[in-house]
Amino acid sequence: MLEFNGNNMTLTRGDTIFIDTVILTPLGLVYELQEGDVVTFSVYDNNRNNNFVSNEGFESKPVIEKVFVDRKAKLESSDTAYLSKGKYTYKCVIEMGKERIKETYCEGDFIIK
């Protein structure tokens, strides 16, 4: 079961879910993914690193990472089955255009129950 509370999501460990992402422009308009755009959904372990950035300035390795080119991300039951119950952090990053501009467009708590 998937529940949202603002930008925070709660998921039952071992469930398969689909997340329909909506990207808004600074003007509040829905951005439609263009050919070549890539979206990455990553989950980081809060117990390893509260800010998911290491002392060296590099992001810690995500415990889940899904890359997709449309608005739907699928988490398989095997993606969360091994995770301990508790709070993690997620973020969604889009890479746009030939310049590969990276922008974080959502982040929040990812809670496994």
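Everything here concerns the structure above.
Residues numbered from 1 in each chain as written. Predicted model: local features only at pLDDT ≥ 70, side-chain atom pairs only at ≥ 80, totals over all residues. Heavy atoms only, no water.

Participant: An account of the packing of aromatic side chains is needed here, citing residue identities and associated values.
Facilitator: Considering all chains together, one arrives at two aromatic pairs under this definition. For the ring pair Phe 41 and Phe 110, a centre distance of 6.2 Å and an interplane angle of 65° mean the geometry is edge-to-face. In this pair, Phe 41 is assigned in strand 6 (residues 38-45) and Phe 110 in strand 10 (residues 101-112), connecting sequence segments 69 residues apart. Each member of the pair Phe 41 and Phe 110 is classed as buried. (Phe/Tyr/Trp six-rings, centres within 6.5 Å; stacked < 30°, edge-to-face > 60°. Helix = DSSP H or I, 4+ residues; strand = E, 2+ residues; numbered from the N terminus. Buried < 20%, exposed > 50% of the residue type's maximum accessible area, 1.4 Å probe, protein only.)

Participant: Lay out the pattern of salt bridges with the relevant residues and their values.
Facilitator: Taken as a whole, this structure holds six salt bridges when the rule is applied. Ionic pairing is found between Lys 66 and Asp 79, a salt bridge with its closest N-O pair at 3.0 Å. Linking Lys 66 in strand 7 (residues 64-68) with Asp 79 in helix 1 (residues 77-80), this pair joins segments that are 13 residues apart in sequence. With its nearest N and O atoms 3.2 Å apart, the salt bridge here joins Glu 76 to Lys 74. According to the relative accessible area criterion, Glu 76 is partly exposed, its value standing at 31%. Look at the salt bridges and you will find they share partners, linking Asp 20, Arg 71 and Lys 72 into a network. (Salt bridge = Lys/Arg side-chain N within 4 Å of Asp/Glu carboxyl O.)

Participant: Outline the nonpolar core, supporting the account with residue identities and numerical values.
Facilitator: One finds Phe 41, Val 43, Leu 75, Tyr 90 and Phe 110 to be the most contacted residues of the largest nonpolar core, which totals 22 residues. Breaking this core down by element, the ones donating at least two residues are strand 2 (8-11), strand 3 (17-20), strand 6, strand 7, strand 8 (72-75), strand 9 (86-96) and strand 10. Top element by residues in this core is strand 9. It accounts for four residues. Residues in contact with Leu 75, not counting those within four places in the same chain, are Leu 11, Asp 15, Thr 16, Ile 17, Ile 19, Phe 41, Ile 64, Lys 66 and Phe 110. (Core = buried A, V, L, I, M, F, W, Y, C linked by side-chain atoms within 4.5 Å. Contact = heavy atoms within 4.5 Å.)

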